[in-house]
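Understanding the architecture of this molecule
One-letter residues, chain by chain:
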Amino acid sequence: MSSGRSAWDAQTSRHHPPLIPTPRQIADPQFVAVDFETANRMGGVSACQLAMVKVRDGQVVDRFNTLIRPPRGWDSFEFTYLHGISATDVWNSPMWPSIADDISHFVNGATVYAHNAAFDSRVWRQLDEYFGTVTLPSPFFCSYRTAQRLIPGLPNYKLPTVLEACEPSFQLDHHRADSDAEACALIVCQLQRLARQL
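Residues numbered from 1 in each chain as written. Predicted model: local features only at pLDDT ≥ 70, side-chain atom pairs only at ≥ 80, totals over all residues. Heavy atoms only, no water.

1. Concerning the state of the cysteines
With the rule as written, the count across this model stands at zero disulfides. Between cysteine 189, a free cysteine, and cysteine 184, which holds the nearest cysteine sulfur, the sulfur-to-sulfur gap is 9.6 Å. (Disulfide = S-S within 2.5 Å.)

This is the structure:
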């Protein structure tokens, strides 16, 4: 074990930073990258799109992408200008309880990452709490915070910036959940490669 990895191990064990995997956890050959879009500032119950990308041994092996219809009272579409999703778009889309089993089956115990996992895990938790489902995965890690640890010196750690450092050929359609989840998956693959070099 090299000194770099030992330092990361020691720091992670001592401080247990939230949302950052240990070297052993980041080495897991299978993970799921996730991204939510929400309709408004009211909270996670207004989720209107979910996308997930499953990776095994550095290769994308499966994708899940769906629009979600928020419940009445949470369905004001304040962020259409950002992600392009309107109330009309989700009119015939499933509500969270209808897809909860499919989501759990897709994750199937895999480690989960999101870029800004504090947001995405909160959306997921609030959906479970509101609808009485039990789907929030654990562990749930943050590619933003992990990139700060493994790729120091970037001007910022927003998704487009980290993606440019990790996989510049990917054409990001930012704030579309399917594109953002794919970008997160590509970032984590590069973070795994960097972690192996420590």
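Now that the structure has been shown, we can carry on.
2. Points about the pairing of strand β4 (residues 111–114)
The side-chain alternation of β4 yields two buried faces, one formed by Thr111 and Tyr113 and the other by Val112 and Ala114. Both strand β1 (residues 30–38) and β4 contribute to a ladder of three bridges, which runs parallel. Bridge assignment links phenylalanine 31 to a residue of β4, and that residue is threonine 111. Relative to strand β5 (residues 140–142), β4 runs parallel, the two being bridged by three bridges. Residue tyrosine 113 lies in a different strand from β5, and its bridge partner there is phenylalanine 141. (Buried < 20%, exposed > 50% of the residue type's maximum accessible area, 1.4 Å probe, protein only. Helix = DSSP H or I, 4+ residues; strand = E, 2+ residues; numbered from the N terminus. Pairing = 2+ DSSP bridges.)

3. Details of helix α7 (residues 159–166)
Where α7 is concerned, the buried positions are Leu159, Val162, Leu163 and Cys166. Buried residues in α7, looked at end-on, bunch into an arc of 100 degrees, giving them a common side. On its buried face, α7 sits against α6 (143–150) and α8 (177–197). (Arc of directions from axis to C-beta. Contact = heavy atoms within 4.5 Å.)

The values are spatial; any link to function lies outside them.
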